Amino acid sequence: MNVPLHPPASAASEHSRALMRICLGAWLGVLIVIGVLAWPQLAQAQTMRIKEVAAVQGVRTNQLTGFGLVVGLDGTGDQTTQMPYTSQGMNNYLQQLGLNLPPDAKVQLKNVAAVMVTAQLPAFAQPGQMIDVTVSSMGNAKSLRGGTLISTPLKGADGEIYALAQGNLLVGGAGASAGGSKVQINHLSAGRIPAGAQVERTVETDFALGETIDLGLNAFDFQTARRVAEAINSRMGQGVAHAIDGRVVRLRAPVNSHERVGFLAQVEEIPLEATIPVAKVIINTRTGSIVMNQAVTLSPVAVAHGNLSVSISTTPVISQPNPLARGETVVAEKSNIEITQQGGALVQMDAAPKLADLVRMLNGLGATPQDLLAILQAIKAAGAMNAELEVI
């Protein structure tokens, strides 16, 4: 009986196809593993639009302010004897309505409060557009709840009137008092009027003038300015954008206003890879808050921190003379001063290339937020922290 030394051609082809399927499965598994490992790095790469890092110069809001009167209060207005400008403002308003009060008239206005009205005029605001206003008490009014703001002109920095405000106040609070007791929830001396002012005048801009438009970056950074210019040139054509400095990127824009609007709409939507921000630590000395961004790193350093407390207690001492001494009883004070110093162990902090490592090491010190303020300042002075400290 003859046994073939080699399998038939059909069996060999089936065997090769099986090997190919095994190899393809192995390569697919390798690619999946590589993709899973690379996914965190891809997720960390953040992209943003140019409109999120820059804005067109000259296109901005304008601050408006005005003096007004709130009426209709339930006896919680200003005390006019102490706030003369409230009664004076009311007299001026009544004169505009044709009502003249005698000069010696003493008017007690318990339901009126003098307020300061502020608003922001948006860019390209047109007459008739409604904007929100904020109303804040200027005197000693107890509450503005339930009040109505009468017609108040809002002026800009040039002294011109740009809007007129009027309406009912929305005060997010409540309060009551009786018999010397008082209960209050939230703030009662300030309120808001949604769509409470009507625009009366527009602010002229040079948006449609000239052959160029300047983009102002939100933060001063030469790297960001260069990348913004490169991204615009790659999308809109070479020579369209030029970085003037670390804050301004100049664009060659169409002269026609319609084409200019479309041009800027395309520029604002251009994606831009996020750059690493400047390493900065923000310290609020009033509240003890500490905020740091992801670019803050730490070099190896050793820290020892101990608390020093001084306690002063006073005990009254009575000096009583003898009955026949004809002296006087004297009350004196005896002060006890104690100084306690807690020892602080010397803790070595290794290099922290990531924000999570730095936070973990600072938490390991067991210091309070107020102590961390002094520790971070000392670490910065020692040159072990590559970040800018900003105290607010």
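In this text the structure is predicted, and so the values were computed from the model without any measurement.

Glancing now at the overall build of the protein. Secondary structure assignment for the protein yields 6 helices and 21 strands. Residue pairs in contact within the protein that sit at least 24 positions apart in sequence constitute 68% of those at least 6 positions apart. For the protein, the accessible surface area stands at approximately 25,600 Å², while carbon and sulfur atoms represent 56% of it.

Glancing now at the sheet that holds strand β16 (residues 289-292). Strand order in the open sheet formed by 3 strands is β16-β15-β21, with mixed pairing between adjacent strands. Because the sheet does not close on itself, it has two edges, and the strands there are β16 and β21 (388-391). Averaged over all neighbouring strand pairs, the angle between strand axes comes to 15°, with direction disregarded. Across 4 bridges, the pairing between strand β15 (residues 280-284) and β21 is parallel. Looking at the pairing, I282 lines up with E390 of β21. Running over the sheet, helix α6 (residues 369-381) touches β15, β16 and β21 and is turned about 45° from β16.

Bringing the environment of A54 into the picture now. As for its placement among the helices and strands, A54 is situated in strand β2 (residues 54-56). Classification of A54 as buried rests on a relative accessible area of 6%. The sequence separation of A54 and A225 amounts to 171 residues, and the corresponding C-alpha distance is 9.3 Å. When near neighbours in sequence (up to four residues on either side) are disregarded, A54 contacts L215, G216, L217 and N218.

So, about unusual backbone geometry. The backbone of F124 sits at a positive phi, close to 60°, despite the residue not being glycine. Here F124 lies in the loop between β4 (113-121) and β5 (130-137). Residue classification places F124 among the partly exposed residues on the basis of a relative accessible area of 43%. Phi at A195 takes a positive value of approximately 50°, unusual for a residue other than glycine. Counting through the fold element by element, A195 comes out in strand β10 (residues 190-199). Accessibility expressed as a relative area gives 40% for A195, which makes it partly exposed.

Time to look at the nonpolar core. Among the nonpolar cores identified, the biggest contains 25 residues, and V135, L144, L149 and L154 are the most heavily contacted of them. Put simply, the parts of the chain that give this core at least two residues each are β3 (62-71), β4, β5, β6 (148-155), β7 (161-168) and β10. Once residues lying within four places of it in the same chain are set aside, the contact partners of V135 are V70, V115, M116, V117, L144, L149, L169, S189, A190, G191 and I193. If you look at the next biggest cluster of nonpolar residues, it comprises 23 residues, including F207, L217, L251 and L264.

Ordered in space as β3-β4-β5-β10-β7-β6, the 6 strands form a closed barrel in which the pairing is antiparallel. Within this sheet the neighbouring strands show an average axis-to-axis angle of 30°, counted without direction. Packed onto the sheet, helix α2 (residues 84-96) meets β3, β4 and β6 and runs at close to 90° relative to β3.

Before going further, it helps to examine a nonpolar patch on the surface. Taken together, the side chains of F67, M116 and M138 present a nonpolar region at the surface, about 230 Å² in accessible area. Looking at the secondary structure, you find M138 in the loop between β5 and β6. Judged by relative accessible area, M138 falls into the partly exposed class, the value being 33%.

The rules behind these values
Residues numbered from 1 in each chain as written. Predicted model: local features only at pLDDT ≥ 70, side-chain atom pairs only at ≥ 80, totals over all residues. Heavy atoms only, no water. Helix = DSSP H or I, 4+ residues; strand = E, 2+ residues; numbered from the N terminus. Contact = heavy atoms within 4.5 Å. Areas by Shrake-Rupley, 256 points an atom, 1.4 Å probe, with all protein chains shown as cover. Pairing = 2+ DSSP bridges. Axes fitted to C-alpha atoms, helices over the stretch in contact; angles between N-to-C directions. Buried < 20%, exposed > 50% of the residue type's maximum accessible area, 1.4 Å probe, protein only. Core = buried A, V, L, I, M, F, W, Y, C linked by side-chain atoms within 4.5 Å. Patch = residues over 30% accessible without salt bridge, like charges linked within 9 Å, V, L, I, M, F, W, Y side chains within 5 Å. Salt bridge = Lys/Arg side-chain N within 4 Å of Asp/Glu carboxyl O.

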